[in-house]
Amino acid sequence: MSKKVAYTLFFMVIMTLISKFLGFIRETVIANYYGTSYIVDSYVMAVAIPSILFGGIFAAIATAYMPTLSTVQETEGKIKANRFTSQIINVILILSIIVSVIGFVFSDQIVAIFASGFTGKTATLTSFYIKISFTYVVFTSMSSIFDAYMQYEGSYIKPIVSGYFYNAAIILFVVISALTSHYVLAFGILAGAFLRLIFIGVSARKKG
């Protein structure tokens with residue numbers, strides 16, 4: 001058993017390093033095509049705002065989910081535990097949809113509050129990006145629950161691999177946006193979060 005644990009830990013380290021390397025490539029590609037322009041300022045701000053406002057909340061729910069799931073499964077069985085997981089996912093889905101609607105409708109006001117120094121085309125572009133970045137909260141919040149579920153089931157590699165899809169999609173959309181329009185740029189985080197959710201969701205489904 002100790003050899004298996006050691007092998008898993010070693011493999012996790014390698015996979016995590018690959019994920020970090022992909023993240024580095026992602027940032028390098030963005031810098032290569034857009035440098036230190038107002039486009040990058042808008043993009044970074046639009047990605048940061050929903051993470052700052054709601055990332056901690058959804059992370060806390062995912063953290064509290066694991067010990068609660070363990071208690072339910074030990075006391076009431078696997079079926080009740082899976083039902084509990086489904087209920088948590090439904091609650092997260094509803095909350096994240098509400099958040100995304102707020103971001104979509106009030107993107108201009110959000111920019112005015114959190115990026116008051118942005119004016120003109122920078123503020124306009126940030127507002128557009130925020131409509132997209134708040135939408136991707138739906139996918140990332142659900143992924144956080146699936147990640148926790150997979151870890152509870154002893155599967156640590158696939159949550160790491162799921163991040164590859166996120167980074168790869170962003171890199172692809174950076175290139176596409178450079179060849180078409182910078183408005184396409186933010187759709188990379190949406191596509192990446194969706195692909196990550198599909199991968200980790202299917203993996204969780206296979207776990208029961």
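The structure reproduced in this document is the subject of the present report. (Residues numbered from 1 in each chain as written. Predicted model: local features only at pLDDT ≥ 70, side-chain atom pairs only at ≥ 80, totals over all residues. Heavy atoms only, no water.)

**Description of the pattern of salt bridges**
The tally for this structure, following the rule as stated, stands at four salt bridges. Glu76 is the partner of Lys80 in a salt bridge, and the nearest nitrogen-oxygen pair spans 3.6 Å. For Lys80, a relative accessible area of 37% translates into the label partly exposed. For Arg196, the salt bridge goes to Asp147, with nearest N and O atoms at 2.3 Å. Placement of Arg196 in helix α8 (residues 187-206) and of Asp147 in helix α6 (residues 137-152) is noted, with a sequence separation of 49 residues between them. (Salt bridge = Lys/Arg side-chain N within 4 Å of Asp/Glu carboxyl O. Buried < 20%, exposed > 50% of the residue type's maximum accessible area, 1.4 Å probe, protein only. Helix = DSSP H or I, 4+ residues; strand = E, 2+ residues; numbered from the N terminus.)

**With respect to the packing of aromatic side chains**
Inspection of every chain in the model, using the stated rule, returns eight aromatic pairs. Arranged with centres 6.0 Å apart and planes meeting at 80°, the rings of Phe54 and Phe134 form a pair that is edge-to-face. Taken together, the residues span a long stretch of sequence, with Phe54 in helix α2 (residues 38-76) and Phe134 in helix α5 (residues 120-135) at a distance of 80 residues. Like Phe134, Phe54 is buried. Judged by centre distance (6.2 Å) and plane angle (65°), the rings of Phe128 and Phe187 are edge-to-face. Of the two residues, Phe128 sits in helix α5 while Phe187 sits in helix α8, which places them 59 residues apart along the sequence. According to the relative accessible area criterion, Phe128 is partly exposed, its value standing at 26%. A relative accessible area of 33% means that Phe187 is categorised as partly exposed. An aromatic cluster is built from Tyr43, Phe128, Tyr129, Tyr183 and Phe187, whose rings are joined through pairwise contacts. Lying across the ring of Phe104, Lys131 places its NZ or CZ 4.8 Å from the centre. (Phe/Tyr/Trp six-rings, centres within 6.5 Å; stacked < 30°, edge-to-face > 60°. Lys NZ or Arg CZ within 6 Å of the ring centre and 35° of its normal.)

**Here we look at the environment of Val174**
Here Val174 is to be found in helix α7 (residues 157-179). Through-space distance from the C-alpha of Val174 to that of Ala31 is 9.9 Å; in sequence the pair is 143 residues apart.

**Topic: the packing of α2 against helix α3 (residues 78-105)**
Here α2 crosses α3 at 165°, and the two axes come no closer than 8 Å. Looking at the two axes, α2 sits roughly antiparallel to α3. The handedness of the crossing between α2 and α3 comes out as right-handed. Here Phe54, Phe58, Ile61, Tyr65, Thr68, Leu69, Val72, Gln73 and Glu76 of α2 come into contact with α3, specifically with Lys78, Lys80, Ala81, Phe84, Thr85, Ile88, Ile92, Leu95, Ser96 and Val99. Counted by class, the contact of α2 with α3 contains twelve nonpolar, four polar and three charged residues. (Axes fitted to C-alpha atoms, helices over the stretch in contact; angles between N-to-C directions. Parallel < 35°, antiparallel > 145°, perpendicular 65-115°, else oblique. Left-handed = near helix turned anticlockwise from the far one by under 90°. Contact = heavy atoms within 4.5 Å. Nonpolar A, V, L, I, M, F, W, Y, C, P; charged D, E, K, R; others polar.)

**What about the nonpolar core?**
Ranked by size, the top nonpolar core spans 51 residues in total, and within it Tyr43, Tyr65 and Tyr129 carry the most contacts. Secondary-structure elements contributing two or more residues to this core are α1 (2-34), α2, α3, α4 (107-114), α5, α6, α7 and α8. Among the elements that make up this core, the one with the highest residue count is α2 (twelve residues). In contact with Tyr43, not counting residues within four places along its chain, are Ile30, Tyr129, Ile170, Leu185, Ala186 and Ile189. Grouped together as the second largest cluster of nonpolar side chains are six residues, Leu22, Ile157, Ile160 and Val161 included. (Core = buried A, V, L, I, M, F, W, Y, C linked by side-chain atoms within 4.5 Å.)

**A word on a positive patch on the surface**
The grouping of Lys4, Lys158, Lys206 and Lys207 at the surface amounts to a positive patch. As for its position among the elements, Lys206 is in helix α8. We classify Lys206 as exposed; its relative accessible area is 69%. (Patch = residues over 30% accessible without salt bridge, like charges linked within 9 Å, V, L, I, M, F, W, Y side chains within 5 Å. Areas by Shrake-Rupley, 256 points an atom, 1.4 Å probe, with all protein chains shown as cover. Lys, Arg positive; Asp, Glu negative; His and termini not counted. Charge placed at Lys NZ, Arg CZ, Asp CG, Glu CD.)

**Topic: the packing of α5 against α8**
In contact at an axis separation of 8 Å, α5 and α8 are set at 5° when each is read in the N-to-C sense. One element, α5, and the other, α8, form an angle in the roughly parallel class. Within the contact between the two elements, α5 uses Phe128, Ile132, Ser133 and Thr135 and α8 uses Phe187, Ile189 and Leu190. A breakdown of the residues in the contact of α5 with α8 according to their chemical character gives five nonpolar, two polar and no charged.

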